[in-house]
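Summary of the model geometry
Residues per chain are reported as follows:
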Amino acid sequence: MTFYDKLFQSGIIAVIRANNQEEGYHIAKACLLGGIKILEITFTVPEADQLIKRLHQDPLFKDAIIGAGSVIDIATAEKAALVQSDFIVGPNVDEEIASLCSKLFIPYMPGCMTINEMIHAMKHGAKVIKLFPGQLFGPGYIKALKAPLPELNIMPTGGVSLDNMNDWFKAGVFAVGIGSELTGSLPNKDYAEIERKARLFTSLFHDIRSKEMI
């Protein structure tokens, strides 16, 4: 399967932000143990490239798909590519990043808000568009976008919760990115709570997909 096949099948990307590399590792581990196998390490994490490299080398993560997030410029994209990131995500559309990813066969999911930005991203090879910040829009926006562009594959990031994830998928999203709702506050570094939430999101997604099959 291609990366996009796996993303559609898994449905969820865990967006990982952390104060340091060690914290990021344990958040990634908790998400993985909770059933989320596609992990986005954002470049807001100090030494994010080294964390991506570490996860790739760790046998625990051998079946995980580990990519880079918050990639806003070509220098950061090159860092992500050097540590063999499985995909690259940004909050914006950057033509230089799109070109680099195309040459290196790295899936690139740029962030967009408007239909003009989305069409521009698609012209530069984007197969999945990150709707960011998702909480400013909502599932109704997906239906509005897909009316003139039914081929649009959208992944909202931000604003996806256990309460509304079903609504997002009903509206036709390709996948969802989940960050603060999954890993937000860490009282006493409660990684067990992150794992529990990951299981809830994973279970809910499987329920949604099974209903779609009926």
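Residues numbered from 1 in each chain as written. Predicted model: local features only at pLDDT ≥ 70, side-chain atom pairs only at ≥ 80, totals over all residues. Heavy atoms only, no water.

1. Observations concerning the packing of aromatic side chains
- This structure, assessed with the given rule, holds six aromatic pairs.
- With a centroid separation of 5.3 Å and an interplanar angle of 50°, the aromatic rings of Phe 8 and Phe 174 are classed as tilted. Taken together, the residues Phe 8 in helix α1 (residues 3-10) and Phe 174 in the loop between α8 (165-170) and β9 (176-178) connect sequence positions 166 residues apart.
- Ring geometry for Phe 137 and Tyr 141: centres 4.3 Å apart, planes at 20°, overall stacked.
- In this structure Phe 137 comes out as partly exposed when scored by relative accessible area, which is 29%. (Phe/Tyr/Trp six-rings, centres within 6.5 Å; stacked < 30°, edge-to-face > 60°. Helix = DSSP H or I, 4+ residues; strand = E, 2+ residues; numbered from the N terminus. Buried < 20%, exposed > 50% of the residue type's maximum accessible area, 1.4 Å probe, protein only.)

2. Thoughts on the sheet that holds strand β7 (residues 129-131)
- Sheet architecture is open: three strands sit in the order β6-β7-β8, paired in parallel fashion. Sheet topology places β6 (111-112) and β8 (154-156) at the edges, where each strand pairs with a single neighbour.
- Summarising the sheet, β7 and β8 pair through three bridges and their orientation is parallel. Bridged to Lys 130 within β8 is Met 155.
- Of the strands in this sheet, β6 and β7 touch helix α6 (residues 115-123), which is tilted by about 155° from β7. (Pairing = 2+ DSSP bridges. Contact = heavy atoms within 4.5 Å. Axes fitted to C-alpha atoms, helices over the stretch in contact; angles between N-to-C directions.)

3. A few points about a negative patch on the surface
- A contiguous patch of negative charge on the surface is contributed by Asp 73, Glu 78, Glu 95 and Glu 96.
- Relative to the helices and strands, Glu 78 is located in helix α4 (residues 74-82).
- Given a relative accessible area of 42%, Glu 78 falls into the partly exposed group. (Patch = residues over 30% accessible without salt bridge, like charges linked within 9 Å, V, L, I, M, F, W, Y side chains within 5 Å. Areas by Shrake-Rupley, 256 points an atom, 1.4 Å probe, with all protein chains shown as cover. Salt bridge = Lys/Arg side-chain N within 4 Å of Asp/Glu carboxyl O. Lys, Arg positive; Asp, Glu negative; His and termini not counted. Charge placed at Lys NZ, Arg CZ, Asp CG, Glu CD.)

4. Overview of the environment of Ile 97
- Looking at the secondary structure, you find Ile 97 in helix α5 (residues 95-104).
- Look at Ile 97 and you get buried, because its relative accessible area is 0%.
- Note: C-alpha distance between Ile 97 and Ile 129 (32 residues apart in sequence) is 14 Å.
- Excluding its chain neighbours within four sequence positions, the residues that come into contact with Ile 97 are Val 71, Ile 72, Asp 73, Ile 74, Ala 77, Ile 88 and Tyr 108.

5. Describing the packing of α4 against α5
- The geometry of α4 relative to α5 is characterised by a closest axis approach of 9 Å and an angle of 25° between their N-to-C directions. Between α4 and α5, the angle falls in the class roughly parallel. For the crossing formed where α4 meets α5, the hand is right-handed. Between α4 and α5, the contacting residues are Ile 74, Ala 77, Glu 78 and Ala 81 on the first element and Glu 96, Ile 97, Leu 100 and Leu 104 on the second.
- Here the contact of α4 with α5 is built from residues that sort into six nonpolar, no polar and two charged. (Parallel < 35°, antiparallel > 145°, perpendicular 65-115°, else oblique. Left-handed = near helix turned anticlockwise from the far one by under 90°. Nonpolar A, V, L, I, M, F, W, Y, C, P; charged D, E, K, R; others polar.)

6. Observations regarding the packing of helix α2 (residues 21-33) against helix α3 (residues 48-57)
- Running from amino to carboxyl end, α2 crosses α3 at an angle of 45°, the nearest separation of the two axes being 10 Å. Comparing their axes, α3 and α2 come out oblique. Our pair here, α2 against α3, has a crossing hand that is right-handed. Contact residues: α2 offers Gln 21, Glu 22, Gly 24, Tyr 25 and Ala 28, while α3 offers Gln 50, Leu 51, Arg 54 and Leu 55.

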